[in-house]
Amino acid sequence: MPGSGCCRRTHLRRSRGQSLLHGQSGTLPHFLEEPDDAYIVKSNPIKLCCRARPALQIFFKCNGEWVHQSQHLSQEHTDQVTGLKIREVMINVSRQQVEDFHGPEDYWCLCVAWSHLGTSKSRKATVRIAYLRKNFEQDPQGKEVPIKGMIVLHCRPPEGVPVAEVEWLKNEEPLGSDGIIDTRADHNLIISEARLSDSGNYTCLASNIVAKRRSATATVVVFVNGGWSSWTDWSPCNVRCGRGIQKRSRTCTNPAPLNGGAFCEGMTVQKSTCSALCPVDGGWSEWSDWSVCSAECERQRSRECTAPEPKHGGLLCDGATLDTDNCTRDLCTQSVEDSGDVALYSGLAAGVVTVVVLIVAVTLYRRSRSQYGVDVIDSSALTGGFQSFSFKTAHQGNPLLINSSLPPDLTVSRTFTSPMCFQDSISDKEIMAECSLLDPLPKPLPDHKAKGPVERAEYHQAKAHPQTFPRGLAPDYSGVGVEATLGRRNKSLFAPQAPSTPPRPQHRIAGVFDHAGGRLVVPNTGVSLLVPHGGIADDTTWEIYMIINQEDSSRQSEDDHEILLSPEVTYGPPGLDLSCPVAMTIPHCAEVVADNWSIRLKRQKQDNSWEEVMSVEEESSAFYCLLEAQCCHLLLERPGRYALLGEPLNQEAAKRLRLAVFGSPDLANPLGYNLRVYCLDDTPHAFQEVSLRERGRGGRLLEEPKTLLFRANTFSLQVSIQDIPQFLWSIKPFTTCQEFSFFQVWASSQRPLQCAFSLERYSPASSQLSCKISVRQVKGQEQILQVYTSVVESEKAVVPFFTQSDCTITSQTGSRAFKIPLSIRQRICATFDTANAKGKDWQLLAQKLCIDRNLCYFARQQSPSAVILSLWEAQHQDPGDLDSLASALEEIGKLHSSKNTTLGRSREELDTEFN
């Protein structure tokens, strides 16, 4: 027993010694490092570590089972400060181990550490396989928001372990937070107040330890709706005297529309009528009675500048207010003391009598010479206004003679001298019966006296009533009948009066159109109608017609200052129902210069009166008018009769006249030859009428037609023939110069004016005719028509009337009618009808095609790009005009891509498919 006790004591002492040797402090193990949660990436194993003190042993337990000791990697060392033993153990966990575990919870492991006082357990560490799926649960969506609006982009990243972190990119750059941009915990991006700089491409980026994933790109467009600037001040009245126009304007720049923002609605220009007081020049009153003769043999009389007084900057009277005269005969009581004065007065009286006798003799001599039919034309007929006169016929064959150098006496009845334009070979009776030759002259009531070959033939006109005109617009009354000007005080000089002439035939064409659309063309008139593709509903056809109306319709305007600038064109039928506007092209004769014309589009109503549709200078959301130098393109939605009317705003306003000379033999005289000069509005339709008329009478065009600008300065138009070979040809006396009054030319209403010159050869051997025809407006422009032709039938060279090709084609349907193929057209519309971040929308297309005015009209269309292309088609009817469209598309940048782009083709490919 004692041995055993000794042994027990010995054993106890040995145990205490071992405890002291191991640094036993009498505490449970304390973990210095516990295993952390870990993720297995791909096939790489992970390591779990435990470290404790004091610890005799440390083992891992995973999923409730002890890990074999062979799988542990242990290390042991002593803490230099405390002297305690520190043990560290590490194990590896493979992907296969985790995948093979099928428990109610994730794969887990913990550490168990032993000391002399007991055991301690570490925390559980879970081991999971890391992954990140490819597809986002919610991609951000593109938005279009107004400036200062709120932008919210939603993003739900793909499922992953560990959970993916989200980052936002803008244009591939990380997006920072500046107080306005807020990235929420739910990964949504919120911009509370959008700025222009916030436009861009946004991407949601999700990432974890396995991979990174990118969402679909969301395009954010911050647009700015246009706003009007303030109106400018009213411009000064554009005339110094009389009725004019003043304007003010505003721009869509406050702010300007950006990134597809809406264009401003309304007009950019406002016009208002204004009137300026005309200056009144002073005029002298009647002279007072002579005063009593003074002792110095002088008497006086006076006058005042009061009839009228100068007003509004008018000129003062020119001359003296006081007139002094020497008294003669019995009016002076002064005695004659010097006989030399009597001799002086006698000599002066004799000189005056002699001068009077000479003047009378010269006058009688010149009158006697005029009885023999000599062609004596005063140069004043070419440099002054049209003068009234009475004349005698030289012989039986003479026509009514025109022009004389005798000055008119406006205080008595004056002779009607409006030009008679006719064929010289016809008789006087035929002249009066052929009303078409007088068209469009007004018809006076003549007092015709035919008393024989040497008697007078006069057209008398009643005494004119006075009429007041603004300063600088003094009218030229010459050649205008009583009914046209002087007898109608309430009518303006610019007002067209309807001539009493038979109606002219209509130009009518028609075609049947369906959903594919097409084009109607009136040959050689410049008038056409484009029916866009898709304008007519599917399974529907319409017979559409166009008419150039030539009968005398009711007045297009109640404004006496307006004149007709284009033919009246009707399209129908009245019940035509289209989903998009048609494009009508009509020619006009106005010389389009800024601020010289006020041009309006008018439409005839059911009661045959005319209503104003729009002014071509203004902007409208209901109609569109594109005015070019020679023609006007209209976008119309209502069938009906349309015409362009213009009002001149100043004397610089001008309309174009086409001048043409035709010739044909005189059927009544084998040696005679007739030249006919036409002055007509410069439109293809007006020239076609003349050409058809001349073709019917055997006339030939002797010179290429020329254009003359006829201005609104109230001066007449003169036509004269010059440089006739005097030894080969003769012309009837007093017909070398003929004249049209201002009103006849200005208000011709698309009707031609004609002058005729009758020539006669001295010998049948003379087969060539050469001369010049001068057409000039007094104080205006002049054109020379050079005539060189053969009058022998076998030597005639035919000059064609028309130079246009395909003049018999009146309608085309389907793809043949359009220059742009349907597939290309549809892709252009799909591209530009939708705004994008770079602003390449239909407004940019209109800008590049130079159709960037009145954009509010296109904005209300279902497809603005389709209407813009229809207008471009109407502008470019001639072949070979594809370069402008291709260049515009290249500038926009739609032709640079070669794959999967709307317009990814070269110009050569476009040209090939277009044609």
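Preceding block: the structure.
How each quantity is defined
- Residues numbered from 1 in each chain as written.
- Predicted model: local features only at pLDDT ≥ 70, side-chain atom pairs only at ≥ 80, totals over all residues.
- Heavy atoms only, no water.
- Helix = DSSP H or I, 4+ residues; strand = E, 2+ residues; numbered from the N terminus.
- Contact = heavy atoms within 4.5 Å.
- Areas by Shrake-Rupley, 256 points an atom, 1.4 Å probe, with all protein chains shown as cover.
- Pairing = 2+ DSSP bridges.
- Axes fitted to C-alpha atoms, helices over the stretch in contact; angles between N-to-C directions.
- Buried < 20%, exposed > 50% of the residue type's maximum accessible area, 1.4 Å probe, protein only.
- Phe/Tyr/Trp six-rings, centres within 6.5 Å; stacked < 30°, edge-to-face > 60°.
- Core = buried A, V, L, I, M, F, W, Y, C linked by side-chain atoms within 4.5 Å.
- Disulfide = S-S within 2.5 Å.
- Parallel < 35°, antiparallel > 145°, perpendicular 65-115°, else oblique.
- Left-handed = near helix turned anticlockwise from the far one by under 90°.
- Nonpolar A, V, L, I, M, F, W, Y, C, P; charged D, E, K, R; others polar.

Some points on the overall build of the chain
Part 1 of the argument: On a plain count of helices and strands, the chain comes out with 14 helices and 50 strands.
Part 2 of the argument: Considering only residue pairs separated by 6 or more positions, the chain has 70% of its internal contacts joining residues 24 or more positions apart.
Part 3 of the argument: A total accessible area of about 47,200 Å² is found for the chain, and carbon and sulfur atoms account for 51% of it.

A look at the sheet that holds strand β29 (residues 518–522)
Part 1 of the argument: Read from one edge to the other, the open sheet built from 6 strands follows the order β37-β38-β34-β30-β29-β50, with strand pairing classed as antiparallel. Each edge of the sheet is formed by a strand with only one pairing partner; in this case those strands are β37 (624–627) and β50 (811–813). Ignoring which end each strand starts from, the neighbouring axes of this sheet average 10° apart.
Part 2 of the argument: Two strands pair when backbone bridges link them, and strand β30 (residues 527–531) and strand β34 (residues 582–587) are joined in this way by 3 bridges, in the antiparallel orientation. Paired with leucine 530 across the strands is alanine 583, a residue of β34.
Part 3 of the argument: The strands touched by helix α12 (residues 864–875) are β29, β30, β34, β37 and β38 (631–636); relative to β38, the strand with the most contacts, the crossing angle is about 150°.

Considering the sheet that holds strand β49 (residues 782–790)
Part 1 of the argument: Taken in spatial order, the 4 strands of this open sheet run β46-β44-β48-β49, and their pairing is antiparallel. Whereas interior strands pair on both sides, the edge strands pair on one side only; in this sheet they are β46 (737–740) and β49. Neighbour-to-neighbour, the strand axes of this sheet turn through a mean angle of 20°, independent of strand direction.
Part 2 of the argument: Both strand β48 (residues 768–777) and β49 contribute to a ladder of 9 bridges, which runs antiparallel. The residue of β49 that forms the bridge with isoleucine 773 is leucine 785.

Things to note about the pairing of strand β8 (residues 107–115)
Part 1 of the argument: Extensive coverage of β8 is indicated by the burial of 8 of its 9 residues.
Part 2 of the argument: Relative to β8, strand β4 (residues 57–62) runs antiparallel, the two being bridged by 6 bridges. Paired with phenylalanine 59 across the two strands is valine 112, which belongs to β8.
Part 3 of the argument: One ladder, built from 3 bridges, connects β8 with strand β10 (residues 125–129); its direction is antiparallel. In the sheet register, cysteine 109 faces β10, and the bridge partner there is alanine 125.
Part 4 of the argument: Here β8 runs beside strand β9 (residues 118–121); their pairing, made up of 4 bridges, is antiparallel. Of the residues in β9, the one forming a bridge with alanine 113 is serine 120.

A closer look at unusual backbone geometry
Residues apart from glycine generally show negative phi values, whereas peptide bonds are mostly found in trans.
Part 1 of the argument: With an omega of -5°, the peptide bond between valine 161 and proline 162 qualifies as cis.
Part 2 of the argument: Position of proline 162 among the secondary structure elements: in the loop between β14 (160–161) and β15 (165–170).
Part 3 of the argument: The omega angle of the peptide bond from glycine 572 to proline 573 is 15°, so this bond is cis rather than trans.
Part 4 of the argument: Assignment of secondary structure puts proline 573 in the loop between β33 (568–572) and β34.
Part 5 of the argument: For asparagine 259, which is not glycine, the phi torsion reads 55° and is therefore positive.
Part 6 of the argument: Tracing the backbone through its elements, the reader meets asparagine 259 in the loop between β22 (242–249) and β23 (269–276).
Part 7 of the argument: On the basis of relative accessibility, which here comes to 23%, the residue asparagine 259 falls in the partly exposed class.

Some thoughts on the packing of aromatic side chains
Part 1 of the argument: The full count for this structure, using the stated rule, is 13 aromatic pairs.
Part 2 of the argument: With a centroid separation of 4.9 Å and an interplanar angle of 50°, the aromatic rings of tyrosine 624 and phenylalanine 858 are classed as tilted. Of the two residues, tyrosine 624 sits in strand β37 while phenylalanine 858 sits in helix α11 (residues 855–859), which places them 234 residues apart along the sequence. Residues tyrosine 624 and phenylalanine 858 agree in their burial class; the two are buried.
Part 3 of the argument: Ring geometry for phenylalanine 710 versus phenylalanine 742: centroids 5.6 Å apart, planes at 20°, classification stacked. Of this pair, phenylalanine 710 sits in strand β43 (residues 706–711) while phenylalanine 742 sits in helix α8 (residues 742–746), placing them 32 residues apart in sequence. With respect to class, phenylalanine 710 is no different from phenylalanine 742; both count as buried.

Structural notes on the nonpolar core
Part 1 of the argument: Judged by nonpolar contacts, the single largest core of 67 residues is most densely connected at Tyr571, Leu636, Leu675, Leu717, Ile721, Ile773 and Val775.
Part 2 of the argument: When neighbours within four sequence positions are excluded, valine 775 is seen to be in contact with Leu659, Val677, Cys679, Leu708, Leu717, Gln718, Val719, Gln781, Glu782 and Gln783.
Part 3 of the argument: Core analysis: the next-biggest nonpolar cluster, separate from the first, contains 32 residues, Tyr624, Phe832, Trp872 and Leu885 among them.

What about the side chain of serine 870?
Part 1 of the argument: Within the element layout of this structure, serine 870 appears in helix α12.
Part 2 of the argument: Take serine 870: its relative accessible area is 3%, and that puts it in the buried class.
Part 3 of the argument: The contact partners of serine 870, leaving out residues within four places of it in the chain, are Leu530, Pro532, Ala583 and Arg825.

A word on the state of the cysteines
Part 1 of the argument: In this structure the tally under the stated criterion is 8 disulfides.
Part 2 of the argument: Note on cysteine connectivity: cysteine 62 is disulfide-linked to cysteine 109, with sulfurs 2.0 Å apart. Disulfide cysteine 62-cysteine 109: the torsion about the S-S bond is 110°, which places it as right-handed. Here cysteine 62 is found in strand β4, whereas its partner cysteine 109 is found in strand β8, with 47 residues between them in sequence. Across the pair, exposure class does not vary: cysteine 62 and cysteine 109 are buried alike.
Part 3 of the argument: Disulfide partner of cysteine 155: cysteine 204, at an S-S distance of 2.0 Å. Here cysteine 155 and cysteine 204 share a disulfide; its torsion about the S-S bond, -80°, makes the bridge left-handed. Of the two residues, cysteine 155 sits in the loop between β13 (151–153) and β14 while cysteine 204 sits in strand β19 (residues 200–207), which places them 49 residues apart along the sequence. The same class applies to cysteine 155 and to cysteine 204, which are both buried.

A look at the packing of helix α9 (residues 822–832) against α12
Part 1 of the argument: Orientation of α9 relative to α12, taken along the N-to-C sense of each, is 135°, at an axis distance of 8 Å. Relative to α12, the element α9 is oriented oblique. The hand of the α9/α12 crossing is right-handed. Residue-level inspection shows Arg825, Ile828, Cys829 and Phe832 of α9 in contact with α12, the latter providing Ser865, Ala866, Leu869 and Ser870.
Part 2 of the argument: Class assignment of the residues belonging to the contact of α9 with α12 gives a composition of 5 nonpolar, 2 polar and 1 charged.

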